[in-house]
Amino acid sequence: MDDSKLGHFSDPPMFVLASLAHGPKHGHAMIEDIARLCGTRLGPGTLYGAIARLEQQGWIEPLPPEERRRPYRITAEGERVLRAKLTTLRRFTKAGLGRLEAL
Amino acid sequence: MNPRLAHLLMRLYPRPWRERYGAEFEALLQTGRGDLRMAANVVWSALREHLAPTRGGKINQDPRSLRFQSWCVRAPWAMFGLAPLCLLAGAYFVACFILWSGWRLLLPGTNTPFVRIDGFAIYYFGVGRAVYYGAPILIGWGIGLIAAPQSTTALWPTVGLALIALISVTAQVHASHPVPGGAGHISMDFALGHSLQGISSGLFHALMIFSLMVLPYLMVRLQKAHSLSA
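Residues numbered from 1 in each chain as written. Chains lettered and ligands numbered in written order. Predicted model: local features only at pLDDT ≥ 70, side-chain atom pairs only at ≥ 80, totals over all residues.

### Quick look at the environment of Ala171 of chain B
Residue and element names in this part refer to chain B. Its location among the elements puts Ala171 in strand β1 (residues 171-176). A count of 16 C-beta atoms within 10 Å places Ala171 in the partly exposed class. Not counting residues up to four positions away in its chain, the partners in contact with Ala171 are Tyr92, Met188 and Phe190. (Helix = DSSP H or I, 4+ residues; strand = E, 2+ residues; numbered from the N terminus. Buried ≥ 20, exposed ≤ 12 C-beta atoms within 10 Å, placed from the backbone. Contact = placed C-beta atoms within 7 Å.)

See the structure below:
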């Protein structure tokens, strides 16, 4: 996996990966889960933009449809990407908070 | 959301995207409230999908390229009208400079640079001639190749190509000596002709050049239409 791709990573794909890290979900369940997780309610267009890109990257994969809804699950590569990104964010958060406390 | 509105919104997406996600996306839209904010989100996302497609496109597209595409949509008059004219003006300046400098350096003492030449001068003036005659065609092909993959109307690329074609057939270069024995002077003017026959002949040539310039645009558009219908 090319780690440079992480540089172009914006929030919606991260939210989707984080949501799917808790188990497979379809679109509506993802929107609700992301809203609970971080207070952001993704629009359907934004959500499917993220899903399409993540699927093309091979970081999530579709499961057989349930009626007209299709659940997705995170892949092993997607887990690795999410872990790497969250680790970077944790480092950044720790450093940022440390600087604020020093003020 | 009203199923009919959900279907209409889903139809805003490009066909390859709809074939993969259309049914599930429509189902998702139908479960939502269907307010204005949701509709705006879908319209904006569909536009982005046209500009930077995930299906049949490059998903890791450089953001700079996306910004460039965005300019093609937001200011097509500048990208396909003004920018090519500026490029053509630059090319004509370079061609005139080559003519003027070649006249001073390689043909001192002659009243005009348009005389019989030999040796190195053939190559030197040949470069200027290539820039002068080649620039409109290359710029026209550039407009076509940039415009064809974009989801914009053909209006501004057509206007840009027509302007370039018209300028290229009306451009005339003049060489003169304003002061006898002094430095030569190169100037350009643009005239279609003074008689009806001259005007119609100029327009015919402009049409020929336009047809030549528009070829890459048509080829890419046809290829795009073919890949979408496949």
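### Considerations on the confidence of the model for chain B
All names here are of chain B. Model confidence for chain B is summarised by a mean pLDDT of 83, while 88% of its residues fall at 70 or above. Here residues 56-61 is modelled with pLDDT under 50, and outside its nearest four sequence neighbours on either side it reaches 10 contacts, counting other chains as well. Across the interfaces of the predicted complex, the ipTM metric reaches 0.81, alongside a pTM of 0.51. (pLDDT = per-residue confidence, 0-100.)

### Describing the nonpolar core
If you look at the biggest cluster of nonpolar residues, it comprises 36 residues, and the most contacted ones within it are Val16, Leu17, Leu47, Ile51, Leu54 and Ile60 of chain A together with Leu29 of chain B. Ignoring anything within four residues of it in the chain, the contact list for Ile60 of chain A reads Leu20, Ile51, Leu54, Glu55, Tyr72, Arg73, Ile74, Thr75 and Gly78 of chain A. Counting residues in hydrophobic clusters, the runner-up holds 28 residues, among them Cys72, Leu99, Val131 and Ile164 of chain B. (Core = buried A, V, L, I, M, F, W, Y, C linked by C-beta atoms within 7 Å.)

### Comments concerning helix α2 (residues 27-38) of chain A
Compared with an ideal rise of 1.5 Å per residue, which puts 12 residues at 16 Å, α2 of chain A spans 16 Å between its outermost C-alpha atoms and is within 8% of the ideal. The set of residues buried in α2 of chain A consists of Gly27, Met30, Ile31 and Ile34 of chain A. Viewed along the axis of α2 of chain A, the buried residues span an arc of 100°, placing them on a single side of the element. Packed against the buried residues of α2 of chain A are α1 (11-20) and α3 (44-57) of chain A together with α2 (15-31) of chain B. Within two residues after α2 of chain A, Gly39 of chain A carries a phi angle of roughly 80°, on the positive side. (Expected span 1.5 Å × (residues − 1). Arc of directions from axis to C-beta.)

### Structural notes on the packing of α1 of chain A against α3 of chain A
Residues and elements named next belong to chain A. Between α1 and α3, whose axes approach to 9 Å, the crossing angle comes to 75°. Here α1 is positioned roughly perpendicular relative to α3, judged by the angle of their axes. Packed against α1, whose contacting residues are Pro12, Pro13, Val16 and Leu17, the element α3 presents Thr46, Leu47, Gly49, Ala50, Ile51, Arg53 and Leu54 at the interface. Of the residues belonging to the contact of α1 with α3, the class tally is 8 nonpolar, 2 polar and 1 charged. (Axes fitted to C-alpha atoms, helices over the stretch in contact; angles between N-to-C directions. Parallel < 35°, antiparallel > 145°, perpendicular 65-115°, else oblique. Nonpolar A, V, L, I, M, F, W, Y, C, P; charged D, E, K, R; others polar.)

### Thoughts on the interface of chain A and chain B
Listed by partner, the interface residues are 18 residues for chain A and 23 residues for chain B. Where the side of chain A that touches chain B is concerned, the elements lending two or more residues are α2 and α3 of chain A. The element contributing the most residues to the side of chain A that touches chain B is α3 of chain A, with 9 residues. A breakdown of the residues in the side of chain A that touches chain B according to their chemical character gives 4 nonpolar, 9 polar and 5 charged.

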